Amino acid sequence: MGNLAFDNDNENNSHFVTNPLDPKEFRRQGHMIIDFIADYYENIERYQVLSQVEPNYLRKLLPESAPYSPESIETILQDVQKYIIPGITHWQSPNYFAYFPSSGSIAGFLGEMLSTGFNVVGFNWMSSPAATELECIVMDWLGEMLKLPKSFLFSGNGGGVLQGTTCEAILCTLTAARDQMLSQVGREKMEKLVVYGSDQTHSAIQKAAKIAGINPMNIRAVKTTKSTSFGLCPKSLRDVVQADVQAGLVPFFLCATVGTTSTNAIDPIGPLCEVAKDYSIWVHVDAAYAGSACICPEFRHFIDGIEGVNSFTLNAHKWFFTTLDCCCLWVKDPSTLIKSLSTNPAYLRNKATDLKQVVDYKDWQITLSRRFRAMKLWLVLRSYGVANLRCFLRSHVKMAQLFEELVRLDNRFEVVAPRNFALVCFRVLPKPNVKKVYENGVANHDEKALDLERVNELNQKLLDSINRSGHVYMSPTVVDGVYIIRCAIGATLTEERHVIMAWKVVQEHADALLSRY
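Quantities reported herein were computed from a predicted structural model and do not represent experimental measurements.

Turning our eyes to something else, we now look at empty space enclosed by the protein. Throughout the structure, instances matching the rule amount to 1 cavity of 30 Å³ or more. Roughly 30 Å³ of internal volume is contained in the largest cavity. Lining of the largest cavity is provided by Gln163, Gly164, Glu168, Gln365, Ile366, Thr367 and Arg373. Of the residues in the lining of the largest cavity, the class split is 1 nonpolar, 4 polar and 2 charged.

Listed below in C-alpha cells is the structure:
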C-alpha cells in the first residue's frame, strides 16, 4: 500500500502532468508531424508497396504494456519509422494498382486536420450549426456537378449526407426501404421481403440485409454473363422478381451498380428502374468508385436513368481525392431515412429541431455521433475546382488506356473484360489455343475445365510473384470461373512512367513463369 500511495503522489504532482492541448507544444509537434508525412510522400516510391511482414510481427517488437511515464514525440516518430511503416501497405504509392484507389490530396489532408482539430460531435444542428450547414451545401454542390436531378438536392425535396462508407449507406437505405414496404404490407411479412442485386454486386448488400433482419434465403444474386459485360440484365431481373411474387414473396430493394468491384461492369439504370417501378422496389445505385468520374461530361451517361432511383452513393475517399472516410449518399425522400433511423431523447431536444427548421444528421445515419467530414470535401472542391478535378480523373483514364494498349500488344495476354474508367482486367495465357478453348468451347468439357484450371493457376502464381516483388501491387478477382488480375489506376502520385514500369514488371514475371509451362 505504501508503494501505491507513493505512485499516486507522483501522479498527482503537477510537474508530472503536461496539458494535452497546450498550444505551443501542439505547434511544435504539429510541425514535426507535417514534416514526417511530407518526407513519407517524398520517399514513398522507395517502399515495397505491399507490406511483406509476417502475421503478429508487431507484437514481437513493441513492449507488452503501455509506458507509465510520457515519451517524447521524437521517440514515438522514430518507432513509427522503424516499426509501423514496414507494416503498411502503401495505398498512396504511385505503384499501387490494387482494389480501387484511396486517392489523397493536400486539400483532403488539411481538411481532415481542420475537422480533427475542431473535433466537433455534430449529431444535430445545435451541436455545431456550421458542420450541418456546410454538409448540406457541399452535397448540393457535388450533386450539381454530377447533374443529379433536383429531386436529390436540398434545393429540391431531397438531400445528401456524408456517411463513413458504402456499407453504412446501403444499410441505411435498405432499412428505410424495408420499413416503407412493411408499412404497406404489414410487419408480419418481414420474412417475405426480398433483396436483389447481381452476382457482381458488392458483398455490402449481403451484410446490410443480414443486419436488417432479412431472411438470408431471400437475397438474390442474379447471374450475369460475358455477353452483357457482366452488367445486370433487366429481363433476368424481371424473371427472378416475377418468380418471387408468384411464390408469395415481397420484392422491396434492388442495388444496381455503376462500376462493379471485379470488372467495373455497368448495370443499366434506366431499364432496371422500369422493372423496379412495376413492383414498387426501392432502387439504390452504388457508384462507389466510378461515380466520381461522372462529373466529366463524357462519363455522365453511365448514370443515365438516375432520375428513376431512390438513392445514390459514391465514395469521395476512393477516386475524388478526399481522405477516408467520406461516402456521399443522396436520397430523394429524406423522410424515409428519418422515419427509420431517428430517435429523440429529451437531452437532444431543442427549439430549432422542434420547429423543423434544420437538418439533424443523426437521423440520416446509423450512429448518433458523427465527424465533420464536410470540411475536407469542401477544401477539395474549393482547392482544385471542377476543371482540375476533371483533369485529374481524365489523366487516370488515359493511363489506363495506355496500360490496356500495352496488354493487347503482347499476344501472351488478353484483356478479359471491357475497360471502363481506369480499371484494366487481364490475364496471361500459357499457349494460344487455351483462349479458343475458353471462348469458343470444345466438345470435351473435361478438357476445357482442365485448361481453365491450368490458366487460373498460372495467373494466380503470376500475381503472387508480382506482389511479392514489392515493386507494384495489384489484386485479383474471379468472374465466371476465370481468375483475373486487376490493374486499377488512380493513386494521386501515379504518372505514366509508373504505369509503363508496372507493365514491365508484369512481363518480367510472366517471362519467368511461362518458361516453365
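Attention shifts here to the UniProt feature "modified residue: N6-(pyridoxal phosphate)lysine" (unreviewed entry) in the chain. Per the UniProt record, "modified residue: N6-(pyridoxal phosphate)lysine" (unreviewed entry) is annotated on Lys318. Assignment of secondary structure puts Lys318 in helix α11 (residues 316-319). Dropping the residues within four chain positions of it, Lys318 is found in contact with Phe100, Pro101, Ser102, Ser103, Ala288 and Tyr289.

It is a general feature of regular strands that their side chains alternate between the two faces of the sheet. Across the 5 residues of strand β5 (residues 282-286), 5 count as buried, placing the element largely inside the fold. Here β5 shows two buried faces, one formed by Trp282, His284 and Asp286 and the other by Val283 and Val285. Bridging between strand β4 (residues 250-257) and β5 involves 5 bridges; their strand directions are parallel. Within β5, the residue paired with Cys255 across the bridge is His284. Each parallel crossover has a hand, and for β4 linked through helix α10 (residues 269-278) to β5 it is right-handed. Looking at chain direction, β5 and strand β6 (residues 311-315) are connected through 3 bridges and run parallel. Each residue of the ladder has a partner; that of His284, found in β6, is Ser311.

What follows covers helix α4 (residues 73-84). For α4, the set of buried residues is Ile73, Leu77 and Tyr83. Here the buried residues of α4 occupy an arc of 150° about the axis, which is enough to place them on one side. Those residues of α4 that are exposed and angled more than 90 degrees off the buried face are Gln78 and Lys82. Lining the buried residues of α4 we find α2 (23-42) and α3 (57-61).

Here we take up the pattern of salt bridges. Two side chains carrying opposite charge are able to pair once their charged atoms lie near each other. Scanning all chains against the criterion turns up 25 salt bridges. For Lys235, the salt bridge goes to Asp239, with nearest N and O atoms at 3.0 Å. Placement of the pair is Lys235 and Asp239 together in helix α9 (residues 234-246), with a separation of 4 residues, close to one helical turn. Put simply, Glu112, Asp325, Arg371, Arg373 and Lys376 are held in one network by salt bridges that share partners.

Right, let's talk about the environment of Arg28 for a bit. Counting through the fold element by element, Arg28 comes out in helix α2. In this structure the C-alpha to C-alpha distance between Arg28 and Pro149, which are 121 residues apart in sequence, comes to 48 Å. Here Arg28 is in contact with Ile73 and Glu74, once residues within four sequence places are set aside.

Let's shift gears to the packing of aromatic side chains. Applying the stated rule across the entire model yields 23 aromatic pairs. With 5.9 Å between their ring centres and 25° between their planes, Tyr40 and Tyr47 make a pair best called stacked. Geometrically, the ring pair formed by Phe252 and Phe253 is tilted, given 6.1 Å between the ring centres and 45° between the ring planes. Overall, the relative accessible area of 1% leaves Phe252 in the buried class. What makes Phe253 buried here is its relative accessible area of 0%. Among the aromatic residues, those joined into a ring-pair cluster are Phe100, Tyr289, Phe299, Phe302, Trp319 and Phe421. Over the face of the ring belonging to Phe100 we find Arg486, whose NZ or CZ atom lies 5.0 Å from the ring centre.

This part is about the sheet that holds β4. In spatial order, the strands read β1-β7-β6-β5-β4-β2-β3; together these 7 strands make up an open sheet with mixed pairing. Unpaired on one side and paired on the other, β1 (159-163) and β3 (219-222) mark the two borders of the sheet. Neighbour-to-neighbour, the strand axes of the sheet open up by a mean angle of 20°, direction not taken into account. Here β1 pairs with strand β7 (residues 327-331) via 5 bridges, running antiparallel. Counterpart to Leu162 in the pairing with β7 is Cys328. Across the sheet, helix α6 (residues 129-145) touches β1 and β7, and the angle it forms with β7 is around 80°. Here helix α8 (residues 204-211) sits on the sheet and contacts β2 (193-198), β3 and β4; the angle it forms with β2, its principal contact strand, is near 170°.

Each neighbour pair has its own omega, and for Leu324 with Asp325 the value is 5°, a cis peptide bond. Mapped onto the fold, Asp325 is located in the loop between α11 and β7. Positive phi, normally seen in glycine, also occurs at Tyr99, with a value near 45°. Within the secondary structure layout, Tyr99 lies in the loop between α4 and α5 (106-118). Residue class for Tyr99 comes out partly exposed when judged on its relative accessible area of 43%. Not every positive phi belongs to a glycine, and Asp480 is a case in point at roughly 55°. Within the element layout of this structure, Asp480 appears in the loop between β10 (475-479) and β11 (482-488). Take Asp480: its relative accessible area is 41%, and that puts it in the partly exposed class.

With that out of the way, let us pick up the packing of α5 against helix α14 (residues 374-409). A pair of packed helices is characterised by two quantities: the angle between their axes and the separation of those axes. Packing of α5 against α14 leaves a shortest axis separation of 7 Å and a crossing angle of 145°. As for the relative orientation of α5 and α14, their crossing is right-handed in sense. Contacts from Ile106, Ala107, Gly108, Leu110, Gly111, Glu112, Leu114, Ser115 and Phe118 of α5 reach α14 at Met375, Lys376, Leu379, Val380, Ser383 and Tyr384. Partitioning the contact of α5 with α14 into residue classes produces 9 nonpolar, 4 polar and 2 charged.

About the cut-offs
- Residues numbered from 1 in each chain as written.
- Predicted model: local features only at pLDDT ≥ 70, side-chain atom pairs only at ≥ 80, totals over all residues.
- Heavy atoms only, no water.
- 1 Å grid on protein atoms, 1.4 Å probe; cavity = no way out; pocket = protein on both sides within 12 Å on 5 of 7 lines; lining within 4 Å.
- Points joined across faces, edges and corners; volume = space filled by probe spheres on them.
- Nonpolar A, V, L, I, M, F, W, Y, C, P; charged D, E, K, R; others polar.
- UniProt positions renumbered as here; feature names shortened; annotations may be inferred.
- Helix = DSSP H or I, 4+ residues; strand = E, 2+ residues; numbered from the N terminus.
- Contact = heavy atoms within 4.5 Å.
- Buried < 20%, exposed > 50% of the residue type's maximum accessible area, 1.4 Å probe, protein only.
- Pairing = 2+ DSSP bridges.
- Right-handed = clockwise from strand over helix to strand, strands pointing away.
- Arc of directions from axis to C-beta.
- Salt bridge = Lys/Arg side-chain N within 4 Å of Asp/Glu carboxyl O.
- Phe/Tyr/Trp six-rings, centres within 6.5 Å; stacked < 30°, edge-to-face > 60°.
- Lys NZ or Arg CZ within 6 Å of the ring centre and 35° of its normal.
- Axes fitted to C-alpha atoms, helices over the stretch in contact; angles between N-to-C directions.
- Left-handed = near helix turned anticlockwise from the far one by under 90°.

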